[in-house]
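Single-letter residue listing:
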Amino acid sequence: MPEIGWVIHDSSGTVAKQCVAWSTRCGFRDHQIYVINNFEGAQGLGEIPGNNVAFEFSGYAQALDMMQGDGPYVLVNDTLFRHHWQLSWRIMLQRLLADTWFYGQEGKILGDLRRESREFLEKPQTYWASWILAMSDRSALQRMRTALERVNREEWSASSPAYNTHIEQWLQRAWWRGGWQGNPTPAAIQRKKISIRREHELSRILLQEQGLPALALGHRQPLRYRITRLMDRALARYSAIGRKTIL
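Let me begin by describing the structure that accompanies this report. Every value quoted in this text rests on a predicted model; they were computed, and no experiment measured them.

Some words on the overall build of the protein
- Looking only at helices and strands, the protein features nine helices and eight strands.
- Relative to a compact globule of 247 residues, whose C-alpha radius of gyration would be 18 Å, the protein shows 17 Å and is just as compact.
- The C-alpha extent of the protein, read off along each of the three principal axes, is 45 × 40 × 35 Å.
- By residue count, 49% of the 247 residues in the protein fall in the buried class.

A look at the sheet that holds strand β1 (residues 3-8)
- Spatially, the seven strands line up as an open sheet ordered β3-β2-β1-β5-β7-β6-β8, and their pairing is mixed. The open sheet has two free edges, formed respectively by β3 (47-49) and β8 (215-216), since each of these has just one partner strand.
- Relative to strand β2 (residues 33-37), β1 is paired through five bridges, and the arrangement is parallel. The partner of G5 across the bridge, within β2, is Y34.
- Here helix α4 (residues 86-97) sits on the sheet and contacts β5 (73-77), β6 (109-115) and β7 (126-135); the angle it forms with β7, its principal contact strand, is near 65°.
- Here helix α8 (residues 186-209) sits on the sheet in contact with β6 and β7, set at roughly 80° to β7.

Section: unusual backbone geometry
- A cis geometry characterises the amide bond from G71 onward to P72, with omega recorded as 0°.
- Among the secondary structure elements, P72 is positioned in the loop between α2 (56-66) and β5.
- One non-glycine residue, N52, adopts positive backbone phi at about 60°.
- Looking at the secondary structure, you find N52 in the loop between β3 and β4 (53-55).
- Residue F55 is not a glycine yet carries a positive backbone phi of 55°.
- One can find F55 in strand β4.
- In this structure F55 comes out as buried when scored by relative accessible area, which is 11%.

Section: the packing of helix α6 (residues 138-152) against α8
- Here α6 crosses α8 at 135°, and the two axes come no closer than 9 Å. In this view, α6 runs oblique relative to α8, as classed from their interaxial angle. Taken as a pair, α6 and α8 cross one another with a handedness that is right-handed. Contacts between α6 and α8 involve R143, M144, A147, L148, R150 and V151 on the former and, on the latter, R198, E201, L202, R204, I205, L206 and E209.
- The residue inventory of the contact of α6 with α8, partitioned by class, reads seven nonpolar, no polar and six charged.

Description of the pairing of β5
- With five of its five residues buried, β5 lies for the most part within the structure.
- Bridge analysis of β1 against β5 gives five bridges, and the strand direction is parallel. Across the sheet, the residue bridging to E3 is Y73, located in β5.
- When β5 meets β7, the two strands line up antiparallel, connected through four bridges. By the bridge assignment for β7, Y73 is matched with M135.

Thoughts on α4
- The first and last C-alpha atoms of α4 sit 16 Å apart over twelve residues, in line with the 16 Å expected at 1.5 Å per residue.
- Buried within α4 are the following residues: S88, W89, R90, I91, M92, L93, L96 and L97.

Cut-offs used in this document
- Residues numbered from 1 in each chain as written.
- Predicted model: local features only at pLDDT ≥ 70, side-chain atom pairs only at ≥ 80, totals over all residues.
- Heavy atoms only, no water.
- Helix = DSSP H or I, 4+ residues; strand = E, 2+ residues; numbered from the N terminus.
- Rg over C-alpha atoms; globule rule 2.2 N^0.38 Å.
- Buried < 20%, exposed > 50% of the residue type's maximum accessible area, 1.4 Å probe, protein only.
- Pairing = 2+ DSSP bridges.
- Contact = heavy atoms within 4.5 Å.
- Axes fitted to C-alpha atoms, helices over the stretch in contact; angles between N-to-C directions.
- Parallel < 35°, antiparallel > 145°, perpendicular 65-115°, else oblique.
- Left-handed = near helix turned anticlockwise from the far one by under 90°.
- Nonpolar A, V, L, I, M, F, W, Y, C, P; charged D, E, K, R; others polar.
- Expected span 1.5 Å × (residues − 1).

This is how it looks when you write it as structure tokens:
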């Protein structure tokens, strides 16, 4: 029985409805959908209060703890609605969940892969973006839950100067040159640094320590995945233009 866990940060009460609608179109039933809202004090209909102690990562752990079926399992956060091609990701996920190949994969995790030219002790050259992750079975869920527990406790060594410089350069690079597209306030930058380290550490544990293969959610749909990633980049640039214009 497939289950899906969402992590949102919303005070409007509308995002949870979007999550449920998108999940329903993917084929999930109401009792297979968990929406964790990390916004303090907010709890709309059907939402589960989160603590935001480790951003989406603590919410993911909370969602996994609620999943009781045999899988597959999906984790996703609300950035899907801001700068990802919702329709194409839904089609990819629908096809994955209908693929007998996926159900026969023991302990496998799929997601949205990032490949960079540089590798550090803190960051594999290829890693998963943390906004969407799919687990094939209970074994994969346990692998993910174990890794999340360490990430949420920040059980990692101090960052090396080279790694810190790499992150700083990316954060300071112009958004239209592939840099960060967020609002560069001091608080936002600090939060982003922590989030990046958590994202890299999660992949490091799963890929290097646990020895999992780096598989894309579109592993069996390579053409659609490539096109979707290109569209995602275009949507992210468009979203950044809007934010810069408002600022």
